[in-house]
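Listed below are the residues making up each chain.
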Amino acid sequence: MLRLPNFHYHVPATVAEAVALKAEHGPHASYVAGGTDLYPNMKRRQQEPHHVIQISQLRELHEVRDEGGHVRVGAGLTLTAVHQHERIARDYHALAEAAESVATPLLRNMGTLGGNLCLDTRCNYYDQSYEWRKGINFCMKKDGDICWVAKSSPKCLAVSSTDTAPVAVALGAAIEVTSAKGETRRIPAGDFFRNDGIDYMKKEHDELVTSIHLPAPNGWRSSYMKLRRRGSFDFPVLGVAVFVKFANAKGAAAKDAPVEEARVVLGAVFSEPTIVHGAADALVGRPLTKESIEDAAEAAFKIAKPMDNTDYLLSYRKEMVMPFTKRALLKVM
Amino acid sequence: MSAKRSQNDGGASSRGSHRAGEPTRVVGKPLRKVDATDKVTGKTLFADDLVRPRMLYCKLLRSHLPHATIKNIDLGPALAMEGVVAGLTGAEMPIQFGILPVSQDEHALALDKARFIGDPIAAICAEDEETAEAAIHAIKVELEPLPTITGIEDGIKIDEPRIHDYGTRGNVHKVVNLQFGDVEAGFAEADHVRDDVIFFEGNTHLPMEQHASLAEWSADRKLTLWSSTQTPHYVHRALAKVLEMPAARVRVIACPNGGGFGGKSDPFNHEIVVAKFAMMTGRPVKVTLTREEVFYCHRGRHPVLMRIKTGVKKDGAITGMHFQSALDGGAYGSYGVASTFYTGALQTVTYKIPRYHFQGIRLFTNKAPCGPKRGHGTPQPRHALEVQLDKIAEDLKMDPAEIRLKHLTPPDSVTANYLKIGSMGLGECIRKVVAGSDWKNKHRKLPYGRGVGIACSSYLSGAGLPIYWNHMPHSGVQLKLDRSGGVAVFCGSTDIGQGSDSVLAYVVAEVLGIDPFDIRVVTADTDLTPVDLGSYSSRVTLMTGNAALQAAERARELVAKAVAEKLEAKVNDIVFADGRVFRASNPDEGYSFAKAVQYAEAKFGTIGTVGSYTPPRSPGRFKGAGVGPSPAYSYSAAVVELDVDPDTGAPQVHKIWIGHDIGKSINPLLVEGQVEGSVYMGLGEAIMEEMVYRENRNMVHKIPSMLEYKSPTTFEMCDVETYLIEDPDPNGPFGAKEAGQGPLLPIMPAVANAVYDAVGVRIDEIPVTAEKIRRAMRDKERGREGRFGPTKFPDVDWGDPLVVPPPWEGGDGKPLEEEALKK
Ligand SMILES: Cc1cc2nc3c(=O)[nH]c(=O)nc-3n(C[C@H](O)[C@H](O)[C@H](O)COP(=O)(O)OP(=O)(O)OC[C@H]3O[C@@H](n4cnc5c(N)ncnc54)[C@H](O)[C@@H]3O)c2cc1C
Ligand code: SF4
């Protein structure tokens, strides 16, 4: 069977200790929370940290706290805890939906919110064993120097495959990180990622994600749709997260109220969750109607650039941006 | 239950063989499996669970190039590593092996050439698995790449380089051309002729258990191999051959298999390598493959491109069929020659086909070798036939269920290609699923997006001929009756989860009137058990069942004689039931089973009997007539109801109704399990599974993992309604036929036909995925043909056909001589 390589295993008692260990061992160290992403990758030698720093035991990472209306969710919460959390399920429905759509119940019992946000990008030239990758003479993301998906591409095009990240971006959430210097900062989720399959997060390497801050629920609605072959446990090969806030969003009148603020975010078609600005333009200032939804979906369709490195034909994934965006918006109508 | 009751039921007669239709006490009851408790409590030891003292671990180095000359292999750096005990290359085991005598084309480790990514080329054994793993990466290999043969087209067109230096020509492994009657005349008579080209993509077995083997070499130079194999007898032969050992010194024990489906039916490289290592080191050596390596062992469903041309009368009666198939064989022969014949064999056993022409070609390509997967070579042609029949029914404005019912192959007949049909319950299968699914109110009547489809199939209950030519039985059973009343059954058959151990116990228990759970079943050990050819071709229940029946009846005869003598009764007045042997005319007079055995032992000496089974000879007398005959054919019919999401094309199967003609269920619970399991596997093949390679990147397998090789989970599984049709077949034990493979076959075509009913597009390519459906729907929206699939069959040099006149044209099963042909 596939076995893990040898590594040093650290179990720090505090966040400070954890970040210090990471700073000490630099690029040779990895945090591990649920391990549902890191360990399989290590078995396939996609990642080969010599030091693995366990963080799931850190108490601070498990809190869900109301901070004056908005909610702070610890990065160490398991995905099961996230989608079963009463408050989250009620006020942040899209996040609960996304968390519940990740993998299988067993993996969700281990996998964490932080780990999901930091999930390695995916590509079916890369998510393979060392022996397999030897057969293609490796690629730029690990052990090689070319991208087989687009040979002339100067950068890796591996796919952002996290379900919760597009939702975090759509909600306008902020991701809180703590560094070895003891500094804590909040990065808007929209600024957290980078469209680069290798260097896909803007946070510093030693920075630990401690929590995610969700905006106060004041009438906006959100939803998440996910394309995959099997509803039972597949990664997304297209995700659509939407956030819609209506002007004067009270009661039944909301139906005809014009949209005041909107975000449509595509997951799994780039190396980062991507905001479709054209979709917001199509939605804002008009009531949410079949026509405005059609225009928004069209805008999303236009920008999506899936590559041939996941399940499903890329042309199909692109085609599906339309119906999936429409359905995500219909859900908040 | 009282003895009286059993007498009134007729009981078991100690005269002659069990007759179909007699009341039974064990057979036909939904009992649990004899190994069920061990399985569910985790007690069962699979091959990878075995641990021996001082055991070493083996790892294979596999080629990372799809086609290459091996220039040099230097084990030196690996052997120098701490913990590494020994290394091997192909040179140490140069003798070739393979499952079929006609394709002995494999080496334990590639000798001079690597033929696909994953082909084993060297091996290491070490103190632990990590060390062995590290060591194979230290081996220095020099490979010189050769051009690759990527698929069917390449195989037909490109002769050089040849992947193998045998076969018909170039990279053509095998060509078959068999003609039964004048098909062209059949087309001329027809009111309508359809010509379709259909592709069935390859897919794999995906058993939960990865292959594992453990070899041990004893001080007196005997070899034992425990392995996850479906065919210990064939592994036994291969080991003796390659290792140049007397077979008497080789013992192969097949562990319970965690799923086989045909993927553990070949002798494998890793089995021979660990045996060799055990002999070299004197220590036990184990190997457990990774999931990725299982994909490289493969031997699964061949990708097959098919052309099917059929002439029909207005009422749907077939006047002639011309069937062509091209198989992408992968890098080795495996069962491929048989697979090729099978793509043309069973077309004739469901609907009357008076004239039939079959042409098949198998190509060598640089991919994991294909072989037998559940249905072996027959699901692809069955799919093409059943989809075409759906189209013909539409062309003729007939109901697809009716057109089938109208033209069934009659029971007790011989087909155009000389297959002898016995019992035939397909009509009843069709009627059951049509009624159960409310077909008449659904077909072409459901709202857009929802549809139903029907399809049928048939399968062998064991192949009529063994894999290597011989006149010996296909299955043997020994029975030991102990004076304590204990009964042990010994048989070479292998339980791969299908319940063959249980069937042995049920049959013996039925005949001897004892509790099946008291019987000890010893199977799949070449030292202890008589040969059974293996768990493939759905042969085990019929063949070992018959052998067990014979052995048990012989034992009953001995015991009955002894008891009759004691009771001063007639032998045919002696009954076996409820653990007693007694007088039918006075049930109170009799003995416990143990006591009865003691009388028998006193009279005859130690009580042991044997039974064996050899299938009847088939009427075909031409080259190729060996593939297709079976003692009995099972039949199935299925109706699928599904939704297609009009926006996404995604198919969602809601329910499948399936009727299966089982002859007689030895255990209906196990039969239903096999039927539902077949439906489940068929559903995966129908809508998602595919073994695909990246032509642009060295022919790597695109997705050799459980996550990315998409196979349905329980979540994707639909509801299944199973109808068992019981029409006992005279050749089966108690009338039983097969259940393990046939019910898979109708699922794929029924799904394709249902998709057409739902959204009006024809997907002439398996799997029927959302992408393909959407593509065809879009084409249709734009005024083009609403169809996805291949449009042409490549040109092939088929050579001259072997012409065999069908029985109704005066044929006797022999091919025409050349002179006759000229006339
Ligand atoms: C079969 C299978 C199916 C899956 N399906 C899906 C799916 O459908 N959708 C999906 O989104 N994911 C899927 N996953 C991936 C994974 O299970 C989830 O993304 C999970 O949430 C990862 O969380 P974890 O805690 O296990 O991460 P880990 O494996 O522990 O960590 C993942 C990465 O994040 C880093 N990390 C973890 N926590 C932190 C932190 N607090 N701060 C900084 N860095 C951190 C780690 O160093 C590592 O690089 C699947 C995985 C498997 C094996
Ligand atoms: S996108 Fe290119 S570089 Fe990135 S993992 Fe895939 S093949 Fe490698």
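Rules behind the numbers
Residues numbered from 1 in each chain as written. Chains lettered and ligands numbered in written order. Predicted model: local features only at pLDDT ≥ 70, side-chain atom pairs only at ≥ 80, totals over all residues. Heavy atoms only, no water. Axes fitted to C-alpha atoms, helices over the stretch in contact; angles between N-to-C directions. Helix = DSSP H or I, 4+ residues; strand = E, 2+ residues; numbered from the N terminus. Parallel < 35°, antiparallel > 145°, perpendicular 65-115°, else oblique. Left-handed = near helix turned anticlockwise from the far one by under 90°. Contact = heavy atoms within 4.5 Å. Nonpolar A, V, L, I, M, F, W, Y, C, P; charged D, E, K, R; others polar. Buried area = accessible area lost by both parts, 1.4 Å probe. Polar contact = N/O pair within 3.5 Å; in protein donor to acceptor, adjacent residues only side chain to side chain. Near = heavy atom within 4 Å. Areas by Shrake-Rupley, 256 points an atom, 1.4 Å probe, with all protein chains shown as cover. Core = buried A, V, L, I, M, F, W, Y, C linked by side-chain atoms within 4.5 Å. Buried < 20%, exposed > 50% of the residue type's maximum accessible area, 1.4 Å probe, protein only. Phe/Tyr/Trp six-rings, centres within 6.5 Å; stacked < 30°, edge-to-face > 60°. Lys NZ or Arg CZ within 6 Å of the ring centre and 35° of its normal. Domains from an automatic or database assignment. Salt bridge = Lys/Arg side-chain N within 4 Å of Asp/Glu carboxyl O. Pairing = 2+ DSSP bridges. 1 Å grid on protein atoms, 1.4 Å probe; cavity = no way out; pocket = protein on both sides within 12 Å on 5 of 7 lines; lining within 4 Å. Points joined across faces, edges and corners; volume = space filled by probe spheres on them.

(A) Examining the packing of helix α11 (residues 379–395) of chain B against helix α19 (residues 747–759) of chain B more closely. Residues and elements named next belong to chain B. At a closest axis distance of 8 Å, the pairing of α11 and α19 adopts a crossing angle of 30°. Judged by the angle between their axes, α11 and α19 are roughly parallel. For the element pair α11 and α19, the recorded crossing hand is right-handed. For the pair α11 and α19, contact is made by Pro 379, His 383, Glu 386, Val 387, Asp 390 and Glu 394 and by Met 748, Pro 749, Ala 752, Asn 753 and Tyr 756, respectively. For the contact of α11 with α19, the per-class residue count stands at 6 nonpolar, 2 polar and 3 charged.

(B) Representation of the interface of chain A and chain B in the model. Across the boundary between the two partners, chain A contributes 33 residues, which contact 41 residues of chain B. Counting the surface lost from both chain A and chain B, the interface buries some 3,200 Å², and carbon and sulfur atoms represent 50% of this. Counting across the interface, chain A meets chain B through 23 residue pairs in polar contact (both at pLDDT 80 or more). Contributing elements (two or more residues each) for the side of chain A that touches chain B: α8 (130–135) and α13 (314–332) of chain A. Of all the elements, α13 of chain A adds the most residues to the side of chain A that touches chain B, at 6 residues. Considering only residue class, the side of chain A that touches chain B consists of 15 nonpolar, 7 polar and 11 charged.

(C) The arrangement of the site of ligand 1 in detail. Around ligand 1, a shell composed of 33 residues is seen, among which Tyr 31, Thr 36, Thr 112, Asn 116 and Asp 163 of chain A lie nearest. Ligand 1 is flanked by residues contributed from chains A and B. Measuring from a nitrogen atom of ligand 1, one finds a backbone N or O atom of Val 209 of chain A at 2.9 Å. When isolated, ligand 1 has an accessible area of 980 Å², and the protein chains bury 93% of it. Elements supplying a minimum of two residues to the shell around ligand 1: β2 (29–32), α7 (113–117) and β8 (208–214) of chain A. The leading source of residues in the shell around ligand 1 is α7 of chain A, at 3 residues. Class assignment for the residues of the shell around ligand 1 results in 17 nonpolar, 11 polar and 5 charged.

(D) Representation of the nonpolar core. Residues and elements named next belong to chain B. Within the largest apolar cluster, 108 residues are counted, with the highest numbers of intra-cluster contacts made by Leu 426, Ile 430, Leu 642, Ile 656, Val 751, Val 755 and Ile 773. In terms of residues, this core owes the most to one element, α19, which gives 9 residues. Core analysis: the second largest hydrophobic core is formed by 49 residues, Ala 505, Ile 514, Leu 549 and Ile 607 among them.

(E) Looking closely at the packing of aromatic side chains. For the coordinates displayed, the defined rule picks out 16 aromatic pairs over all chains. Between Phe 192 of chain A and Phe 193 of chain A the ring centres are 5.0 Å apart and the planes differ by 80°, which places this aromatic pair in the edge-to-face class. Take Phe 192 of chain A and Phe 193 of chain A: they sit in the same class, and that class is buried. In this structure an aromatic cluster arises from ring pairing among Tyr 234, Tyr 335, Tyr 468 and Tyr 536 of chain B. The ring of Tyr 536 of chain B carries Arg 539 of chain B above its face, with NZ or CZ at 5.8 Å from the centroid.

(F) Structural detail: helix α9 (residues 164–171) of chain A. Where burial is concerned, most of α9 of chain A is hidden: 8 out of the 8 residues are buried. Where α9 of chain A terminates, the next one or two residues include Gly 172 of chain A, which has phi positive at roughly 75°.

(G) Just the domain arrangement of chain B, in detail. Residues and elements named next belong to chain B. In terms of domains, chain B is made up of domain 1 (47–146 + 205–297) and domain 2 (473–613). Its C-alpha centre places domain 1 at a distance of 38 Å from the equivalent point of domain 2. With 19 residues of domain 1 at the interface, the matching set in domain 2 holds 16 residues. Interface area, domain 1 with domain 2, both sides summed: about 1,200 Å², of which 50% is carbon and sulfur. On the domain 1 side of the interface with domain 2, the three residues burying the most area are Gln 230, His 233 and Arg 251, jointly 40% of the side's total. Between the two partners, domain 1 and domain 2, sit 2 salt bridges. With a shortest N-O distance of 2.6 Å, Arg 251 and Asp 525 are connected by a salt bridge. Between the two partners, domain 1 and domain 2, sit 6 residue pairs in polar contact (both at pLDDT 80 or more). Per-element tally for the side of domain 1 that touches domain 2: the top contributor is strand β11 (residues 250–254), with 5 residues. Residue classes in the side of domain 1 that touches domain 2 are distributed as 9 nonpolar, 9 polar and 1 charged.

(H) Main features of the sheet that holds strand β21 (residues 520–523) of chain B. Residue and element names in this part refer to chain B. If you trace the 4 strands from one edge of the open sheet to the other, you get β21-β20-β19-β25, paired in mixed fashion. Two strands bound the open sheet, and with one partner strand each, they are β21 and β25 (607–613). Each adjacent strand pair in this sheet contributes to an overall mean axis angle of 15°, direction not counted. Both strand β20 (residues 487–491) and β21 contribute to a ladder of 4 bridges, which runs parallel. By the bridge assignment for β21, Ala 488 is matched with Arg 520.

(I) Spatial organisation of the packing of helix α18 (residues 668–687) of chain B against α19 of chain B. All names here are of chain B. As a packed pair, α18 and α19 sit with axes 8 Å apart at the nearest point and diverge in direction by 50°. The angle between α18 and α19 places the two elements in the oblique class. Two packed elements cross with a definite hand, and for α18 against α19 that hand is right-handed. Taken together, the residues of α19 that come into contact with α18 (itself represented by Val 679, Gly 682, Leu 683, Glu 685, Ala 686 and Ile 687) are Ile 747, Met 748 and Val 751. In the contact of α18 with α19, the residues fall into 7 nonpolar, 1 polar and 1 charged.

(J) Quick look at the layout of surface pockets. All names here are of chain B. The space that makes up the second largest pocket amounts to roughly 1,200 Å³. What lines the second largest pocket is a set of 49 residues, and nearest its centre among them are Glu 201, Glu 690, Val 692, Glu 765 and Lys 772. For the lining of the second largest pocket, the elements supplying multiple residues, two or more each, are α5 (152–157), β28 (693–694), α20 (770–781) and β33 (787–788). Here the lining of the second largest pocket gets 3 residues from one element, more than from any other, and that element is α20. In terms of residue class, the lining of the second largest pocket is made up of 18 nonpolar, 9 polar and 22 charged.

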